[in-house]
Amino acid sequence: MIILRFNVVILFQRSRNMIGAYEGLRSTGLFKYMILEILLSIPHPNPFLDEIRFTMSDQVLGKEYYHSVNEMLNLLQIVRVFLILRVFFIISPFFSTSAHRICDMYDAKTSYFFVIKARMQSAPLSFIFTNLCLSLFILAYALRICERPLSRIYSDWSYDNYLNALWNVVEVMATVGYGEYTARTILGRGLTIIIGIWGVGTLSLLVVSLSNLLAMEKLELKAYTVIERLRLKSLLREWGSKSIIQAVHLWKKSSKGNKVSYNDVLDLRKSTNEFRLLNRQYKSLTLEGSTLTEEMMTGFDKIREEMKELKKRQTKLSWLTQTMVDMAETIEKEGCISNSMLDENAEGRNAPLEFKLDNYEGYWVDLMEV
């Protein structure tokens, strides 16, 4: 089946003119990937391999333990999960025939990595969350396999329970490390390093995706800035009026010779400080809101100028129309054009008209400008 699949890939690439008509697995470099996939698909546990063991020692307690070949093969079989994930990549709309055609138009390479990038663009949170959940369960199963040999020595070994292994993976991926469950085998410690690196990368992508999701778009930011400036302006009006009222109240008291209480002074100071704080916040806002206002005013000014220009042209056109009517009446009165002249030759028909239209040359220029 693997060889048949790679042959189908070759036929597909030939149909898309991605490779030559006589190129095969060796010339395209797909031969090594086919061999690697065959090698990953061959290993599987066998009963007669259960007695073949690799003996190691527990460095903490100084006791020996062993890994059977079947446990190693079980651990190796986890890599086949990629073959299952590849099916979802192939049936993705970003790997379809139309996607290949569009990528060829823009000189882009359609690959599994392109599908991952496309998924990160279209649905980043769902893609990362699915990846996180799958990696949690798969890595917990792998860690349980690595640490299971110690359960033959210690009857209460924690990793014999799958939930404990899952909790340890969560701790390592989140870089928490409470320490109640730790890997002690060589394979378990090596896998823990891989889990930590994978967890840091996955959680970083999750944080970036959440940050991009909560980030405001340009128009949203403009709307927020205008709303916030209006809110701060109303608060400035409120606290400013309160400060003025309190200041006038204190001035009346002092002018009448009454004693000004310390609490009144504190209230005035509080109001003025609040007013200054709000004023700083109002000025420290980005100029997106004012830019939006300026754009609106600029747009209105532009429309106003266009209306003025249109009105000028309309006035000029009316004046030229009236001028043409006057020209026609003048020509008719002077007898430059008559019905009998229309039957004459071109020279006799045009000469009087051209002679009389010389005085109106500027009108025709104005008409062409309009």
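Residues numbered from 1 in each chain as written. Predicted model: local features only at pLDDT ≥ 70, side-chain atom pairs only at ≥ 80, totals over all residues. Heavy atoms only, no water.

(A) Local environment of the overall build of the chain. Helix and strand content of the chain: 15 helices and two strands. Taken across its 370 residues, the chain has 25% of its residues classed as buried. Here the analysis covers contacts within the chain between residues at least 6 apart in sequence; of these, 61% occur between residues at least 24 apart. Surface exposure of the chain reaches about 25,800 Å², of which carbon and sulfur atoms provide 63%. (Helix = DSSP H or I, 4+ residues; strand = E, 2+ residues; numbered from the N terminus. Buried < 20%, exposed > 50% of the residue type's maximum accessible area, 1.4 Å probe, protein only. Contact = heavy atoms within 4.5 Å. Areas by Shrake-Rupley, 256 points an atom, 1.4 Å probe, with all protein chains shown as cover.)

(B) Quick peek at helix H8 (residues 124–147). Along its 24 residues, H8 runs 34 Å from first to last C-alpha, staying within 8% of the 34 Å computed at 1.5 Å per residue. Turning to H8, its buried residues number three or more, namely Ile-128, Leu-132, Ser-135, Leu-136, Leu-139, Ala-140, Ala-142, Leu-143, Arg-144, Ile-145, Cys-146 and Glu-147. (Expected span 1.5 Å × (residues − 1).)

(C) Representation of a nonpolar patch on the surface. Taken together, the side chains of Ile-84, Leu-85, Val-87, Phe-88, Ile-90, Ile-91 and Leu-134 define a hydrophobic patch exposed on the protein surface, amounting to about 660 Å² of accessible area. For Ile-84, the position within the fold is in helix H5 (residues 81–90). Classification of Ile-84 by relative accessible area gives exposed; the value is 53%. (Patch = residues over 30% accessible without salt bridge, like charges linked within 9 Å, V, L, I, M, F, W, Y side chains within 5 Å. Salt bridge = Lys/Arg side-chain N within 4 Å of Asp/Glu carboxyl O.)

(D) Highlighting the nonpolar core. Counting residues in each nonpolar core, the largest one holds 21 residues, and the members touching the most others are Leu-143, Val-169, Met-173, Leu-191 and Ile-195. The element that contributes the greatest number of residues to this core is H8, accounting for seven residues. Other than its neighbours up to four places away in sequence, Met-173 contacts Leu-132, Ser-135, Leu-136, Ile-195, Trp-198, Gly-199, Val-200 and Leu-203. Among the nonpolar cores identified, the runner-up in size contains seven residues, and Ile-2, Phe-6, Ile-10 and Ile-19 belong to it. (Core = buried A, V, L, I, M, F, W, Y, C linked by side-chain atoms within 4.5 Å.)

(E) Summary view of unusual backbone geometry. In this model, Asp-107 sits at a positive phi of 55°, which is unusual for a non-glycine residue. Tracing the chain through its elements places Asp-107 in the loop between helix H6 (97–105) and helix H7 (112–122). The exposed category is assigned to Asp-107, whose relative accessible area is 74%. Phi angles above zero are rare outside glycine, and Thr-175 is one such case at about 55°. Within the secondary structure layout, Thr-175 lies in the loop between helix H9 (162–173) and helix H10 (186–214). When its relative accessible area of 56% is taken as the criterion, Thr-175 is described as exposed.

(F) Local environment of the pattern of salt bridges. In the structure shown here, the tally under the stated rule is six salt bridges. Glu-37 is the salt-bridge partner of Arg-5, the closest N and O atoms lying 3.2 Å from each other. Taken together, the positions of Arg-5 in helix H1 (residues 2–15) and Glu-37 in helix H3 (residues 30–41) put the pair 32 residues apart, joining distant regions of the chain. Taking relative accessible area as the criterion, Arg-5 reaches 24% and is therefore assigned partly exposed. Residue Glu-37 is classed as buried on the basis of its relative accessible area of 9%. Among the salt bridges present, the one from Arg-231 reaches Glu-228, with a minimum N-O distance of 2.5 Å. In this pair, Arg-231 and Glu-228 are both assigned in helix H11 (residues 218–255), three residues apart and thus about one turn of the helix distant. Taking the relative accessible area as the measure of exposure, Arg-231 reaches 41% and is therefore partly exposed. Residue classification places Glu-228 among the buried positions, given a relative accessible area of 15%. Look at the salt bridges and you will find they share partners, linking Arg-5, Glu-37 and Arg-86 into a network.

(G) How the structure looks around the packing of aromatic side chains. Within this structure, the stated rule accounts for four aromatic pairs. Here the basic side chain of Arg-26 rests over the ring of Phe-31, its NZ or CZ set 4.7 Å away from the ring centre. Over the ring of Trp-239 we find Lys-242, and its NZ or CZ is 4.2 Å from the ring centre. (Phe/Tyr/Trp six-rings, centres within 6.5 Å; stacked < 30°, edge-to-face > 60°. Lys NZ or Arg CZ within 6 Å of the ring centre and 35° of its normal.)

(H) Here's a closer look at the environment of Thr-225. Assignment of secondary structure puts Thr-225 in helix H11. Residues Thr-225 and Leu-285, 60 residues apart in the sequence, show an inter-C-alpha distance of 7.2 Å.

(I) Region of the structure containing the side chain of His-100. Position of His-100 among the secondary structure elements: in helix H6. Taking relative accessible area as the criterion, His-100 reaches 5% and is therefore assigned buried. Apart from the residues within four sequence positions on either side, His-100 is in contact with Phe-12, Arg-16, Phe-95 and Thr-110.

(J) Just the packing of H5 against H7, in detail. Close contact between H5 and H7 brings their axes to 10 Å; oriented N to C, the two are set at 70°. The orientation of H5 relative to H7 falls into the category roughly perpendicular. Seen from above, H5 lies across H7 with left-handed handedness. Only Tyr-112, Val-115 and Ile-116 of H7 make contact with H5, whose side of the interface consists of Phe-82, Arg-86, Phe-89 and Ile-90. (Axes fitted to C-alpha atoms, helices over the stretch in contact; angles between N-to-C directions. Parallel < 35°, antiparallel > 145°, perpendicular 65-115°, else oblique. Left-handed = near helix turned anticlockwise from the far one by under 90°.)

(K) Seen up close, helix H12 (residues 262–284). In a regular helix each residue adds 1.5 Å, so 23 residues correspond to 33 Å; H12 covers 33 Å between its end C-alpha atoms and thus fits that length. Within the span of H12, buried status applies to Leu-268, Ser-271, Leu-278 and Tyr-282. Those residues of H12 that are buried are in contact with H11.

Purely geometric stuff here, so don't read any function into it on its own.
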